[in-house]
Amino acid sequence: MTNMKPHTFRYDYQPALAQTIKQMVQQALAEDLNTLKDGSDITAELIPELQQIKATLISREAGILCGKDWFNAVFKQLDGDVKINWMADDGDRLNAGMEICRLQGSARAILTGERTAMNLLQTLSGTATVTAQYVAQLTGSNCRLLDTRKTIPGFRLAQKYAVTCGGGHNHRIGLFDAFLIKENHILACGGIAKAVRQANDNHPEHPVEVEVENLAELEQALNADADVIMLDNFSNADKIAAVRLNQ
């Protein structure tokens with residue numbers, strides 16, 4: 001990307017996270033327990049109802065932790081008396097063999113929730129870990145790593161959050177908080193300048209980003225005063241030329 005203005009993407013999804021976490025966990029438990037039809041963990045019901053256990057979650061490999069609130073929410077929804085003691089926070093780097101957290105409480109609740117809780121934690125930690133690997137490659141540059149809308153359906157805000165835990169930055173959250181004018185939009189609007197002008201007329205409060213496929217289109221987007229310009233499949237030589245054009 002080029003021509004990026006500071007703090008262009010401003011949509012704050014943090015207030016929505018708590019409700020998102022609750023809904024995600026409810027859905028995950030519902031599909032595992034068939035709670036919509038009064039289902040349950042029939043295997044865990046073999047265990048005496050009052051039996052208590054302790055459990056420890058250990059990292060098998062190095063990575064970045066993400067998803068504590070999702071993990072906690074699983075056991076909160078199953079049994080609010082399950083106690084979880086964390087040894088790391090979201091965004092912390094984990095080493096192989098490291099204790100991540102310890103649980104204590106109902107054997108039924110812990111064994112029922114363990115896989116759902118770990119699936120959520122592993123998925124989000126995986127997103128954060130891969131993000132951190134790419135961020136590390138940008139060390140010493142002025143570049144920032146942005147994410148995309150290519151998230152797992154239903155995991156949009158969760159994976160956006162995970163990107164920030166890995167040191168990345170959020171791009172637009174969805175189709176509602178920023179324009180991203182691509183080839184088909186340009187053709188339908190009659191050109192880059194017209195598309196940018198119409199976007200600013202329709203929603204001047206939202207940033208306007210244009211995806212360009214060559215240097216000629218880049219010049220048009222610069223002349224149209226797009227807030228952000230995305231370079232689509234540019235060669236390294238053309239990327240260098242694009243940066244010079246923007247200086």
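Look up a bit, the structure's there.
Fair warning: this is a prediction, and the values are worked out from it, not measured in the lab.

### Some details on the packing of helix H7 (residues 215–223) against helix H8 (residues 236–246)
Between H7 and H8, the shortest axis-to-axis distance is 11 Å and the interhelical angle comes to 25 degrees. Compared by their axis directions, H7 and H8 come out roughly parallel. Regarding H7 and H8, the two cross each other, and that crossing is right-handed. Residues Leu-215, Leu-218, Glu-219 and Leu-222 of H7 pack against Asp-238, Ala-241, Ala-242, Leu-245 and Asn-246 of H8. Grouping the constituent residues of the contact of H7 with H8 by class yields six nonpolar, one polar and two charged.

### Points about the sheet that holds strand E3 (residues 83–86)
Strands belonging to one sheet form pairs held by backbone hydrogen bonds; the direction of such a pair is parallel or antiparallel. The three strands lie next to each other as E1-E5-E3, forming an open sheet whose pairing is antiparallel. With partners counted over all chains shown, the strands left at the sheet margins are strand E1 (52–58) and E3, one partner each. Pairwise comparison of adjacent strand axes, ignoring direction, gives a mean angle of 15 degrees for this sheet. With seven bridges connecting them, E1 and strand E5 (residues 99–106) associate as antiparallel partners. Considered in E5, the bridge of Leu-57 is made with Cys-101. Across the face of the sheet, helix H2 (residues 68–78) comes into contact with E1, E3 and E5 while running at roughly 165 degrees to E3. Seen against the sheet, helix H3 (residues 107–137) touches E1, E3 and E5 and runs at an angle of roughly 150 degrees to E5.

Conventions and cut-offs
Residues numbered from 1 in each chain as written. Predicted model: local features only at pLDDT ≥ 70, side-chain atom pairs only at ≥ 80, totals over all residues. Heavy atoms only, no water. Axes fitted to C-alpha atoms, helices over the stretch in contact; angles between N-to-C directions. Helix = DSSP H or I, 4+ residues; strand = E, 2+ residues; numbered from the N terminus. Parallel < 35°, antiparallel > 145°, perpendicular 65-115°, else oblique. Left-handed = near helix turned anticlockwise from the far one by under 90°. Contact = heavy atoms within 4.5 Å. Nonpolar A, V, L, I, M, F, W, Y, C, P; charged D, E, K, R; others polar. Pairing = 2+ DSSP bridges.

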